[in-house]
Amino acid sequence: MAEWKPWLDMAHGSLKSGVELQQTDARSAISRFYYAVYQAGTAVLLYRRLTPPPPREAWSHADTPPLLMESLRSLLAPEDKEET
């Protein structure tokens, strides 16, 4: 099973890079922020013991948001569940 901690470490690194780039290179900063969110989401899915499709080490960028929604659905308040 893939480890979640390295993905969380990557997310922290990407976030830090994005903050550092904000004033000098907005486009690169946005890219770093995007990857920070993707990496953090991957860490959450791995932490919840989901397994990426072989031979990948993570899910596709398109598959990650719906997987997160489904995986975290049980944490939503009952009224939030009805809207999705």
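Residues numbered from 1 in each chain as written. Predicted model: local features only at pLDDT ≥ 70, side-chain atom pairs only at ≥ 80, totals over all residues. Heavy atoms only, no water.

Novice: Hey, could you go over the pattern of salt bridges for me, with residue numbers and the actual values?
Specialist: Overall, the coordinates contain 3 salt bridges when judged by the stated rule. For D9, the salt bridge goes to K5, with nearest N and O atoms at 2.9 Å. Here D9 and its partner K5 are both found in helix α1 (residues 5–21), 4 residues apart, which amounts to about one turn of the helix. For D9, a relative accessible area of 40% puts it in the partly exposed group. Take K5: its relative accessible area is 42%, and that puts it in the partly exposed class. (Salt bridge = Lys/Arg side-chain N within 4 Å of Asp/Glu carboxyl O. Helix = DSSP H or I, 4+ residues; strand = E, 2+ residues; numbered from the N terminus. Buried < 20%, exposed > 50% of the residue type's maximum accessible area, 1.4 Å probe, protein only.)

Novice: Which residues make up the side chain of S14, and what values go with them?
Specialist: Relative to the helices and strands, S14 is located in helix α1. With a relative accessible area of 6%, S14 lands in the buried category. Engagement of the side chain of S14 in a polar contact is seen with the side chain of Q39, the distance being 2.8 Å. The residues touching S14, leaving out its near neighbours within four places in the chain, are R32, Y35, A36 and Q39. (Polar contact = N/O pair within 3.5 Å; in protein donor to acceptor, adjacent residues only side chain to side chain. Contact = heavy atoms within 4.5 Å.)

Novice: Tell me about the packing of helix α2 (residues 26–47) against helix α3 (residues 64–72), and name the residues and values.
Specialist: Two numbers describe how α2 lies on α3: the axes approach to 10 Å, and their chain directions differ by 40 degrees. One element, α2, and the other, α3, form an angle in the oblique class. The interaxial crossing formed by α2 with α3 has left-handed handedness. For the pair α2 and α3, the contacting residues are Y38, G41, V44 and L45 in the first and T64, L67, L68, S71 and L72 in the second. (Axes fitted to C-alpha atoms, helices over the stretch in contact; angles between N-to-C directions. Parallel < 35°, antiparallel > 145°, perpendicular 65-115°, else oblique. Left-handed = near helix turned anticlockwise from the far one by under 90°.)

Novice: Tell me about unusual backbone geometry, and name the residues and values.
Specialist: Across the chain, the bulk of peptide bonds are trans and the bulk of non-glycine residues have phi less than zero. That bond from P54 to P55 is cis: its omega, 0 degrees, falls within 30 degrees of zero. With respect to the element layout, P55 can be found in the loop between α2 and α3. Unlike most non-glycine residues, R49 shows phi in positive territory, near 70 degrees. Examined against the element boundaries, R49 turns out to sit in the loop between α2 and α3. Take R49: its relative accessible area is 62%, and that puts it in the exposed class.

Novice: Explain the packing of aromatic side chains to me, and be specific about the residues and the numbers.
Specialist: Inspection of the entire model under this criterion finds 3 aromatic pairs. Where W4 meets Y47, the ring centres are 5.1 Å apart and the plane angle is 90 degrees; that geometry is what we call edge-to-face. A residue pair is termed long-range when its members are at least 10 positions apart, and W4 in the segment before α1 and Y47 in helix α2 qualify at 43 residues. Taking the relative accessible area as the measure of exposure, Y47 reaches 55% and is therefore exposed. (Phe/Tyr/Trp six-rings, centres within 6.5 Å; stacked < 30°, edge-to-face > 60°.)

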